[in-house]
Amino acid sequence: MIGLISATAAGTVARDRLAAAWPGRTAVYEGPVREAVQRAFAECEQLVCFLATGAVVRLLAPVLSDKSSDPGVVCVDEAGRHAVALLGGHGGGANALAEAVGEVLGAAPVVTTATDATGVPGLDMLGLPVEGDVAGVSRAVLDGSAVELRADAVWPLPPLPPHVSPGAEGPAVLHVTDRVVELGARAAVLRPASLAVGVGASRNAPVEEVVGLIRDTLDEAGLSPLSVAELVTVDAKADEPGIVGAAARFGVPLRTYTADELARIEVPNPSEAPLAAVGTPSVAEAAALAAGGELLVPKRKSAPAGRAAMATCAVVRRVPRGRLAVVGLGPGARDLLTPRAREELRRASVLVGLDQYVDQIRDLLRPGTTVLESGLGAEEERALTAVAEARKGHAVALIGSGDAGVYAMASPALAEAGADIDVVGVPGVTAALAAAAILGAPLGHDHVSISLSDLHTPWEVIERRVRAAAEADIIVTFYNPRSRGRDWQLPKALSILSGHREPTTPVGVVRNASRPDESSRVTSLAALDPATVDMMTVVTVGNTATREIAGRMVTPRGYRWQSATAARGGAK
């Protein structure tokens, strides 16, 4: 819950705007300001104070405890011009909260955390638990001092600056491992989610026995509990309180497999007891191996005093999985690049893309990002490169214009990507939508996009699709309509549509949608000159209901609307 506190009329207006924008997420604290702030600090995960920063500092000073547990605090000034992340920028989420408050209130977020200000990712913002001298190693990263990177494997981390690397000679060390390591001054360790723990338990096994067994097993094997990614077991034990409670204690999900799935897995220590109880000769070892990876710790039993064991566990180390994000950059304007796309660009340690698209977003990349760019015509090469980098364990972003899944890089990349990497799709504003917004509302009814490029698709197939759209009276948006070497396909497609639509059918032509040299016009099927169209242009041909109204293309949502508009004299 986010606590909201104000002291003045202006602050109360802004407070209420925020509360209305986030229903169910906020709680307004009334009464004397000191009591309200301190009560909210004790009860909420985050605070937004519509007060001066100095006042909030004085009010909170007596109740501050620890940066790992204190709420994040944001202050908004009386004029609503700034949202200042005052306390708990990373751990308390105040930096992100300042951004979110700024979006609602139109205030400029003010973030002074050193890593955020310099574009260098903080160790506590890399998506992994971190231990050790986090402040000391972070200081070395910020200062540009050499930081030796000691990683057991390649993990899909955000980019690290070049001076954080294997073999770097300096006093600071950053480990990436699931093993317990001795940490001195200026040494920290990131804990990858690399371990899966298979668990078996008798009915009503105490949660303390299950948790104790897992902790003792990890401790004796020299493994960190912070690297446990999940607990796994047989589905017959999905509701076993001891196992469910153990997963909750470790803060990880519980995944289950059927007895038949586990029975097919060869294990070093099968037993008749689980076979009789749940239908598989192994639960802990088989479930762990089913999660995938190397068996580090074979089955171990708990050892309670004075009675038989009620819990078993086994541990595997999973093979690191790379991550491929296929990112659509939109039509070109920076304000049409989605927030999710921005996040993925900053998360990727490797960026793959067409050189001109890379230039559009190069300033958004974090220091240390490896950029692999190539020119026109190298789509297959870029797809193969992106998948190969992900298979090495990296966090990869493969970029394309518009939506990466529409005539772009998603399909060739996913045709190569197997189940050995994680794939994330990030949608973008595609050219058809960008052009439609400029033209008016041409896509108000059923519509289709057709590429007129026959470089990869035979013209016979393209022509068949155009004829089908013409006969079905579907609005058509043509991508790749005309180039120097392909100057007859657009006239042919327009001729096909002319056989089913009136010469006065509106046609929208948009070039470089959303870019500084954008141009657009609405013409008709008969009047369109194909010679004025090039590869940077999108051509949208309306259906029989589409009309030009006040210079805009409009297609009604239902055909009954057409006659009503004509009767009012609004169409032409």
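Our structure is the block above this text.
Small disclaimer: the values here were computed from a predicted structure and weren't measured.

### Things to note about the overall build of the protein
The helix and strand tally for the protein stands at 19 helices and 29 strands. Dimensions along the principal axes, computed over C-alpha positions, put the protein at roughly 90 × 65 × 55 Å. Burial statistics for the protein: of 572 residues in total, 46% are counted as buried. For the protein, the share of sequence-separated contacts (at least 6 apart) that also reach a separation of at least 24 residues comes to 65%. Element-wise, carbon and sulfur atoms account for 52% of the exposed surface of the protein, whose accessible area totals about 26,500 Å². The distance from the centre of the 54 positive side-chain charges to the centre of the 64 negative ones in the protein is 4 Å.

### What about unusual backbone geometry?
The phi torsion at Arg-186 lies on the positive side, around 60°, for a residue other than glycine. Here Tyr-407, not a glycine, exhibits a phi torsion of approximately 50°, which is positive. Assignment of secondary structure puts Tyr-407 in the loop between strand 20 (395-400) and helix 15 (410-416). Overall, Tyr-407 belongs to the partly exposed group, its relative accessible area being 43%.

### Concerning the pattern of salt bridges
For side chains bearing opposite charge, pairing can occur when the charged atoms are close. Tallied over the entire structure, the rule returns 24 salt bridges. Of the charged contacts in the structure, one is a salt bridge between Asp-77 and Arg-81, with a shortest N-O distance of 3.9 Å. Under the relative-accessibility criterion, Asp-77 is labelled partly exposed at 25%. Using a relative accessible area of 56% as the deciding quantity, one classes Arg-81 as exposed. The shortest N-O distance in the salt bridge between Asp-473 and Arg-501 comes to 4.0 Å. Taken together, the residues span a long stretch of sequence, with Asp-473 in the loop between helix 17 (459-471) and strand 24 (475-479) and Arg-501 in the loop between helix 18 (489-498) and strand 25 (506-511) at a distance of 28 residues. Note on accessibility: Asp-473 and Arg-501 belong to one class, buried. Connected through shared salt-bridge partners, Arg-15, Asp-16 and Glu-30 make up one network.

### A look at the side chain of Glu-240
Summarising the element assignment, Glu-240 is placed in the loop between strand 13 (228-234) and helix 8 (241-250). Within the local environment of Glu-240, its side chain forms a polar contact with the backbone nitrogen of Asn-204, the two atoms lying 2.6 Å apart.

### Observations concerning the pairing of strand 1 (residues 2-6)
Extensive coverage of strand 1 is indicated by the burial of five of its five residues. Taking every second residue as pointing to the same face, both faces of strand 1 are buried, with Ile-2, Leu-4 and Ser-6 on one and Gly-3 and Ile-5 on the other. Here strand 1 pairs with strand 3 (residues 46-50) via five bridges, running parallel. Bridged to Gly-3 within strand 3 is Leu-47. Both strand 1 and strand 2 (residues 26-28) contribute to a ladder of three bridges, which runs parallel. Bridged to Gly-3 within strand 2 is Ala-27. As a crossover connection, the stretch from strand 1 through helix 1 (residues 9-21) into strand 2 is right-handed.

### Quick look at the sheet that holds strand 15 (residues 294-301)
If you walk across this open sheet you meet the five strands as 14-13-12-16-15, and the pairing is mixed. Bordering the open sheet on either side are strand 14 (254-257) and strand 15, each of which pairs with just one other strand. Adjacent strand axes in the sheet meet at a mean angle of 25°, parallel and antiparallel pairs treated alike. Where strand 13 and strand 14 come together, four bridges link them in parallel fashion. What sits directly across from Val-234, in strand 14, is Tyr-257. Lying over the sheet, helix 7 (residues 207-220) contacts strand 12 (195-201), strand 13, strand 15 and strand 16 (311-317), oriented at roughly 40° with respect to strand 16. In this fold helix 8 packs onto strand 12, strand 13 and strand 14, with an angle of close to 170° to the strand it touches most, strand 13.

### Some thoughts on helix 6 (residues 134-143)
Buried residues of helix 6: Gly-136, Val-137, Ser-138, Ala-140 and Val-141, and no others. As for helix 6, its buried residues are in contact with strand 8 (147-151), strand 9 (164-165), strand 10 (172-176) and strand 11 (187-190). Count one or two residues on from helix 6 and you reach Gly-144, which has phi positive near 80°.

### Points about the pairing of strand 12
Look at any regular strand and the pattern is simple: side chains alternate between the two faces of the sheet. Among the seven residues in strand 12, seven count as buried, and that is most of the element. Side chains of strand 12 alternate between two faces, with Leu-195, Val-197, Val-199 and Ala-201 and Ala-196, Gly-198 and Gly-200 buried alike. Two strands pair when backbone bridges link them, and strand 12 and strand 13 are joined in this way by four bridges, in the parallel orientation. For Val-197, the partnering residue across the bridge sits in strand 13 and is Leu-231. Considered for its hand, the β-α-β crossover made up of strand 12, helix 7 and strand 13 is right-handed. Relative to strand 16, strand 12 runs antiparallel, the two being bridged by seven bridges. By the bridge assignment, Leu-195 is partnered in strand 16 with Arg-317.

The rules behind each value
Note on numbering: residues in each chain are counted from 1, in written sequence order. Confidence filtering applies because this is a predicted model: local features only for residues at pLDDT of at least 70, side-chain atom pairs given and counted only at 80 or more, and all residues used for totals across whole chains, interfaces and linings. By convention in this description, side-chain values take in all heavy atoms of the structure and omit both hydrogens and water. To qualify as a helix, a DSSP run of H or I must reach at least 4 residues; to qualify as a strand, a run of E must reach at least 2; elements of each kind are numbered from the N terminus. Only protein chains enter the accessibility calculation, which uses a 1.4 Å probe. A residue is then buried if its area is under 20% of the maximum for its type, exposed if over 50%, and partly exposed in between. The contact definition used throughout considers only heavy atoms, calling two residues in contact when any of these lie within 4.5 Å. Residue exposure ignores everything except the shown protein chains as possible cover, and the areas themselves are Shrake-Rupley values with a 1.4 Å probe. We score Asp and Glu as negative and Lys and Arg as positive, and we do not count His or the chain ends. The atoms used to mark charge sites are NZ of Lys, CZ of Arg, CG of Asp and CD of Glu. We define a salt bridge as a side-chain nitrogen of Lys or Arg found within 4 Å of a carboxyl oxygen belonging to Asp or Glu. N or O atoms within 3.5 Å of each other form a polar contact, as long as, within protein, one can give a hydrogen and the other can take it, and as long as residues adjacent in sequence are counted only when both atoms are side-chain atoms. Two strands qualify as a pair provided that DSSP identifies no fewer than 2 bridges between them. The handedness of a crossover follows from its direction of travel: if, with the strands pointing away from the viewer, the path from the first strand over the helix to the second runs clockwise, the crossover is right-handed. Interaxial angles span 0 to 180 degrees and are taken between N-to-C directions of axes, which are lines fitted to C-alpha atoms, for helices over the stretch in contact.

Fair warning: the whole summary comes from geometry, so function is off the table for now.
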